[in-house]
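Structure assessment
Listed below are the residues making up each chain.
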Protein chains: 2
Amino acid sequence: MDKLEMVRELTNILGPNRVLYKEHQLLAYDCDGYVAQKARPKAVVFPVTTEEVSRVVKLLHEHQIPFLPRGAGTGLSGGATPLNGEVIISLAKMDRLLHVDFDNMRAVVQPGHINLQLTKKIAGNGCYYAPDPSSQSACTIGGNLAENAGGSHCLKYGVTTNHIVGAEIVLPNGNIVEVGSYMGDSLGYDLIGLIVGSEGTLGIATAITVKILKKPEAVKTVMAMYDSVEDASNTVSDVISSGIIPAAMEMMDQLAMQAVDKSNYYVGYPTDIAAVLLIEVDGLAAGVEEMAEKIVHMCQKHHVRMVKVAESDAERALWWSSRKMAFGAMGRISPDYLVQDGVIPRTRLAEVLAKIADISRESGLRIANVFHAGDGNLHPLILYDGRIPGQTKLAQETGSAVLKVCADVGGSITGEHGVGVEKLEEMRFLFNDAELQAQLAIRSVFNPQDLCNAGKLVPKPSRCVEVKRAQQLFQAEQAVYDGFQEHTSILSPAYKEAK
Amino acid sequence: MDKLEMVRELTNILGPNRVLYKEHQLLAYDCDGYVAQKARPKAVVFPVTTEEVSRVVKLLHEHQIPFLPRGAGTGLSGGATPLNGEVIISLAKMDRLLHVDFDNMRAVVQPGHINLQLTKKIAGNGCYYAPDPSSQSACTIGGNLAENAGGSHCLKYGVTTNHIVGAEIVLPNGNIVEVGSYMGDSLGYDLIGLIVGSEGTLGIATAITVKILKKPEAVKTVMAMYDSVEDASNTVSDVISSGIIPAAMEMMDQLAMQAVDKSNYYVGYPTDIAAVLLIEVDGLAAGVEEMAEKIVHMCQKHHVRMVKVAESDAERALWWSSRKMAFGAMGRISPDYLVQDGVIPRTRLAEVLAKIADISRESGLRIANVFHAGDGNLHPLILYDGRIPGQTKLAQETGSAVLKVCADVGGSITGEHGVGVEKLEEMRFLFNDAELQAQLAIRSVFNPQDLCNAGKLVPKPSRCVEVKRAQQLFQAEQAVYDGFQEHTSILSPAYKEAK
């Protein structure tokens, strides 16, 4: 089917105003928040119902035209980049809140529903939706599902997979199924767990059932400024091992604070401070007071220069804005930046930050650090100037070197931004060929023709010329297994050495 | 390979003392905690290392001899019953604590490690392992992994899948792989999530990395006795919607209390009380006081006859023993009992309990209720006398009728005991043929020859004569999809009606 014919068919389903296909209309869809790699889609369509998504997918499936879903396009790893000239199925217009059930603490949303809007809609009943990525005022819950999004408050409340209990999915052949359950108990294999974080490679979520939570009675936010990153890191370890689980525990380093203080979210950080911690506790009023006092005491034990508890909601909101807008604030001190997303054991924090400083010196690129310290989820921001030939590539290589450090200390190459196209090669730090093949075999159960967001999340095994279809995998049954070899991700490095 | 030859080969690997094969030795392995269906294994073997498990599995795989893993045999759905005359690979001797890491709050155990023993070993450091099935003094963490075990305190802390971050797995072909990670971040498809709760059908876990938690500073336990089940149920709803998340919220009905008071765990429940709630809150001392007071107040609002807060650890321990030993106490009032395990939306509690009372009247069998009220996870105990011809079958049918009620109100047929062999038929209440086939396709990625615990967890699609191998499934690719049809599990019944 040629493009014109395809557009005609799509228009038959959606009408003329919900099919974009002219070059100038498609420009904005060349990439998502990961701008280092771009490709032009064949078309962009805007269904508003599950049935429309299903009809569009059936059409594309029938003609073997690749496609992919897209939310708000805020993803940071290129999950919505149309590498194969896909038809982009935008879920932006499927943004309704379908149902709220305060008795069972559930909400059902369409995938294009904006994360923060859900909290706003249920705030009147004292409720909120917990996962809070920095992009929460723009990103969609469908995108959060695809990327298993995290956020500052996931330290206590868990990432997206802990909050999505079920979904209606349009499979890559266009059929509509439901996975998971309303109450959250899984039966048989945990398919909803498999779909959350699958980056749009197993199908398209068209309705999503999430847990909602009661807003805590009280919140206290502590800000602590340190002359050394090590003291700040040690405070983080101390808080966690005291048994307190803060709602959030964030760290920013000097360069990040300098950027923030040049932005609209001026807090007045001393310019010579090495690191700032933002620690928030929530719960019942009495318990929260006690926790905040203990935390202040732990900060003092680790030579904090200045520590204070927010005195008003306005102060608290400002502190959070300074943290949540930190990525954007980089624009004040650098023409371009690349944000990385590695995970490390919390106890290796000081050591890994020192290694990142080494990498920065070697590459000549400044690296700011803004991150979820309590989870050990780092966000090194690599500052560069894309106008200087070679710097984009250098920034990418620098990011990869940072991820290698994370993998080597027993961590991971992504905490919440996903693999997308950005980190395909880095997947090989942690998985061998046969493990990658096993992952692709799982994909094939849902997406056997690899029409839906092909080439994302799992790289092709390097020793395998073409692994596209499950049939091939299973005919070469042994191949799925034999390359599986012991790797070292589940045991701590210390234990491995002792062993 | 005949049995003698097999025993000789197994003995070559494990030595003569770790291979049981004589009829009288095998008797005890005919079933697990689900006694309604029995079968004789070919042999029972006791490896002590991952390598031994791997060698045993490779041998059996090579000769196409079916096998299955077994922990303590406390499972309640027959997951360890050797339906196909399997060789049972007992993990009972693989009971070591391999590693504890208090900085990152992780422990690595062998699969035969007993649940409660882990808590005891780390208690000196103020830590514990959260999932606490009633059988925790006997059951193993490997078995907990297989069944995604729950427990009283899973209301606040989540079931086993929230506490296992990684595992070393011997695949059904004998190869050793690791899935998941040490810190708990998943990469690619969430394979550890898929394996937890897979009931031994995807492989055998030989090392398991779990999260450990810091013991809360303070605990308060409230006991509330009611003249009506409805008042007790309404208290449960009120507590949850107040935003308090108790560590546990358990209910027992009159018949259960009568049994408990005839046991060694005499609490002195008034004999005419309709229901008792056991509500526990934990956290920092100040917050816990406040929560307990609020809960007492809510009990009073719902016409509680008597409510008290435990005054000592001894009193608290007695109350918990009365709850945790309730299943066993049934022996005091009935020769046999069958425990069921359904889940319902919390808001339907009173209504479903009334329906269960109707089913009891109709069948003529008494039904006691002991359950995790906060989760809506029911445990109806169906009392019968296996010596009376037909009563075992009647009890099973009565259990199935109860599960049908759970499924019909938007719930599930198992909260924590698994499907095993017991609930295979009831899976059809919630899944159609094509959905079952999709589940089997996922199994095939790991277990293509269905050698490892065949016939458990997922029933064969009824319209499919033989679905054994992934090849067949994928050759009939469309079959995997086409039967997928819309079902109603993720949306609330109320929403479905409105729609």
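About the cut-offs
Residues numbered from 1 in each chain as written. Chains lettered and ligands numbered in written order. Predicted model: local features only at pLDDT ≥ 70, side-chain atom pairs only at ≥ 80, totals over all residues. Heavy atoms only, no water. Helix = DSSP H or I, 4+ residues; strand = E, 2+ residues; numbered from the N terminus. Rg over C-alpha atoms; globule rule 2.2 N^0.38 Å. Buried < 20%, exposed > 50% of the residue type's maximum accessible area, 1.4 Å probe, protein only. Contact = heavy atoms within 4.5 Å. Expected span 1.5 Å × (residues − 1). UniProt positions renumbered as here; feature names shortened; annotations may be inferred. Pairing = 2+ DSSP bridges. Axes fitted to C-alpha atoms, helices over the stretch in contact; angles between N-to-C directions. Phe/Tyr/Trp six-rings, centres within 6.5 Å; stacked < 30°, edge-to-face > 60°. Lys NZ or Arg CZ within 6 Å of the ring centre and 35° of its normal. Salt bridge = Lys/Arg side-chain N within 4 Å of Asp/Glu carboxyl O. Left-handed = near helix turned anticlockwise from the far one by under 90°. Nonpolar A, V, L, I, M, F, W, Y, C, P; charged D, E, K, R; others polar. Domains from an automatic or database assignment. Buried area = accessible area lost by both parts, 1.4 Å probe. Polar contact = N/O pair within 3.5 Å; in protein donor to acceptor, adjacent residues only side chain to side chain. Patch = residues over 30% accessible without salt bridge, like charges linked within 9 Å, V, L, I, M, F, W, Y side chains within 5 Å. Areas by Shrake-Rupley, 256 points an atom, 1.4 Å probe, with all protein chains shown as cover. Lys, Arg positive; Asp, Glu negative; His and termini not counted. Charge placed at Lys NZ, Arg CZ, Asp CG, Glu CD. Core = buried A, V, L, I, M, F, W, Y, C linked by side-chain atoms within 4.5 Å. Disulfide = S-S within 2.5 Å. pLDDT = per-residue confidence, 0-100.

For chain A, the name recorded in an unreviewed UniProt entry is FAD-binding protein, with Fodinisporobacter ferrooxydans as its organism.

A separate point is the overall build of chain A. In terms of regular secondary structure, chain A is built from 18 helices and 20 strands. Relative to a compact globule of 499 residues, whose C-alpha radius of gyration would be 23 Å, chain A shows 23 Å and is just as compact. Counting only residues that meet the buried cut, chain A has 63% of its 499 residues in that class. Pairs at least 24 residues apart make up 72% of the contacts formed inside chain A by residues separated by at least 6 positions.

So, on to helix α10 (residues 285-301) of chain A. End to end, α10 of chain A covers 25 Å across 17 residues, agreeing with the expected 24 Å (1.5 Å per residue, within 8%). What α10 of chain A keeps buried is the set Gly 287, Val 288, Glu 290, Met 291, Ala 292, Ile 295, Val 296, Met 298 and Cys 299 of chain A. Contacts from the buried residues of α10 of chain A go to β12 (218-226), α8 (229-241), β14 (275-283) and β15 (306-309) of chain A together with α10 (285-301) of chain B. Residue His 303 of chain A follows α10 of chain A closely and has a positive phi angle near 60°.

The feature "domain: FAD-binding oxidoreductase/transferase type 4 C-terminal" (unreviewed entry), as given by UniProt, occupies residues 215-457 of chain A in the numbering adopted here. Taken end to end, residues 215-457 of chain A is 42% helix and 19% strand, and its first and last C-alpha atoms sit 34 Å apart.

With that settled, the discussion passes to the sheet that holds strand β1 (residues 19-20) of chain A. Residue and element names in this part refer to chain A. The strand order β1-β2-β4-β3 describes an open sheet built from 4 strands, whose pairing is mixed. For this open sheet the edge positions go to β1 and β3 (67-70), each flanked by a neighbour on one side alone. Of the pairings in the sheet, the one linking β1 to strand β2 (residues 43-45) comprises 2 bridges and is antiparallel in character. Each bridged residue has a counterpart across the sheet, and for Val 19 the counterpart in β2 is Val 45. Running over the sheet, helix α3 (residues 50-62) touches β2, β3 and β4 (87-90) and is turned about 170° from β4.

Moving on to the packing of aromatic side chains. Residues and elements named next belong to chain A. Counting across every chain of the model gives 2 aromatic pairs over all chains. With a centroid separation of 6.3 Å and 90° between ring planes, the pair formed by Tyr 128 and Tyr 157 is classed as edge-to-face. On the criterion of sequence distance, the pair formed by Tyr 128 in strand β7 (residues 127-128) and Tyr 157 in helix α6 (residues 154-157) is long-range, its members being 29 residues apart. Residue class for Tyr 128 comes out buried when judged on its relative accessible area of 13%. We note Lys 404 situated over the ring of Phe 429; from NZ or CZ to the ring centre the distance is 5.5 Å.

Looking now at the sheet that holds strand β8 (residues 164-170) of chain A. All names here are of chain A. On the basis of which strands lie adjacent, the open sheet formed by 5 strands has the order β5-β6-β10-β8-β9 and antiparallel pairing. Every other strand in the sheet has two partners, leaving β5 (97-101) and β9 (176-180) as the edge strands with one partner each. The average angle at which neighbouring strand axes cross in this sheet is 15°, direction not considered. Bridge count between β8 and β9: 5 bridges; the pairing is antiparallel. Paired with Gly 166 across the strands is Gly 180, a residue of β9. Lying over the sheet, α3 contacts β8, β9 and β10 (204-211), oriented at roughly 50° with respect to β8. Along the sheet, helix α4 (residues 115-122) makes contact with β5, β6 (106-109) and β10, crossing β5 at roughly 45°.

What follows deals with helix α14 (residues 391-408) of chain A. Residues and elements named next belong to chain A. End to end, α14 covers 25 Å across 18 residues, agreeing with the expected 26 Å (1.5 Å per residue, within 8%). All of the buried residues along α14 are Gln 391, Ala 395, Thr 398, Gly 399, Ser 400, Val 402, Leu 403, Val 405, Cys 406 and Ala 407. Residues of α14 that are buried sit in contact with β16 (336-339), β17 (342-343), α13 (349-363), β18 (367-372), β19 (377-378) and β20 (380-384). Of the residues trailing α14, Gly 410 is marked for its positive phi of about 90°.

Further remarks concern the pattern of salt bridges. Counted by the stated rule, this structure contains 48 salt bridges over all chains. One salt bridge connects Glu 422 of chain B with Lys 423 of chain B, and the closest N-O pair in it is separated by 3.8 Å. Residue Glu 422 of chain B shares its accessibility class with Lys 423 of chain B, and that shared class is buried. Each of Glu 23, Asp 30 and Arg 40 of chain A takes part in salt bridges that share partners, so that together they form one network.

Before going further, it helps to spend a moment on the packing of α8 of chain A against α10 of chain A. Two packed helices can be described by the angle between their axes and the distance between those axes. Residues and elements named next belong to chain A. Viewed as axis vectors pointing N to C, α8 and α10 meet at an angle of 140°, and their least axial separation amounts to 9 Å. For α8 against α10, the interelement crossing comes out right-handed. Here Thr 235, Asp 238 and Val 239 of α8 come into contact with α10, specifically with Ile 295, Met 298, Cys 299 and Lys 301. When the residues that make up the contact of α8 with α10 are grouped by side-chain class, the tally is 4 nonpolar, 1 polar and 2 charged.

Below, the discussion takes up the domain arrangement of chain A. Residue and element names in this part refer to chain A. Split into domains, chain A comes out as domain 1 (3-90), domain 2 (97-214), domain 3 (218-401) and domain 4 (431-499). The partner domain 2 presents 17 residues to the 16 residues of domain 1 that form the contact. In total, about 1,300 Å² of surface goes out of reach between domain 1 and domain 2, with carbon and sulfur atoms giving 66% of it. Its largest share of buried area at the contact with domain 2, domain 1 owes to Thr 50, Pro 69 and Thr 74, together 33% of the area lost on that side. Applying the counting rule to domain 1 against domain 2 returns 4 residue pairs in polar contact (both at pLDDT 80 or more). At the level of secondary structure, the elements contributing two or more residues to the side of domain 1 that touches domain 2 comprise α3 and β3.

Next up on the list: a negative patch on the surface. Residue and element names in this part refer to chain A. A cluster of acidic residues, Asp 2, Glu 5, Glu 9 and Glu 62, forms a negative patch at the surface. If you trace the backbone, Asp 2 turns up in the segment before α1 (3-14). Judged by its relative accessible area of 47%, Asp 2 falls in the partly exposed class.

So, on to the environment of Gly 411 of chain A. Residue and element names in this part refer to chain A. Following the sequence through the fold, Gly 411 ends up in the loop between α14 and α15 (433-446). The sequence separation of Gly 411 and Lys 262 amounts to 149 residues, and the corresponding C-alpha distance is 33 Å. In this view, Gly 411 contacts Val 343, Ile 344, Pro 345, Cys 406 and Leu 430; residues no more than four positions away in its chain are not counted.

Attention shifts here to the environment of Ser 135 of chain A. For Ser 135 of chain A, the position within the fold is in the loop between β7 and α5 (141-147). In sequence terms Ser 135 of chain A and Gly 75 of chain A are 60 residues apart; their C-alpha atoms lie 9.0 Å from each other.

So, about the nonpolar core. Membership of the largest hydrophobic core comes to 86 residues, with the highest contact counts inside it found for Leu 194, Val 210 and Phe 446 of chain A together with Leu 194, Val 210 and Phe 446 of chain B. Among all residues touching Val 210 of chain B, those that are not within four sequence positions of it are Met 105, Arg 106, Ala 107, Leu 118, Tyr 129, Ile 141, His 163 and Ile 164 of chain B.

Across a regular strand the side chains alternate sides, sitting on one face of the sheet and then on the other. Residues and elements named next belong to chain A. Neither face of β3 is exposed, since Phe 67 and Pro 69 on one face and Leu 68 and Arg 70 on the opposite face are all buried. Pairing of β3 with β4, which is carried by 4 bridges, proceeds in the parallel orientation. Residue pairing in the sheet places Phe 67 in a bridge with Val 87 of β4.

All names here are of chain A. The phi angle at Gln 64 is positive, at roughly 55°, despite the residue not being glycine. Relative to the helices and strands, Gln 64 resides in the loop between α3 and β3. Phi at Asn 148 takes a positive value of approximately 50°, unusual for a residue other than glycine. Tracing the backbone shows Asn 148 in the loop between α5 and α6.

A word on the state of the cysteines. All names here are of chain A. Taken as a whole and judged by the stated rule, the model has 0 disulfides over all chains. This cysteine, Cys 139, is not joined by any disulfide, and Cys 154 carries the nearest cysteine sulfur, 11 Å off. By relative accessible area, Cys 139 is classed as buried at 3%.

What follows is about the confidence of the model for chain A. For chain A, the mean per-residue pLDDT works out to 90, and 93% of the residues sit at or above 70. Every residue in residues 464-493 of chain A scores below 50 in pLDDT, and together they form 99 contacts with partners more than four places removed in sequence or on other chains.

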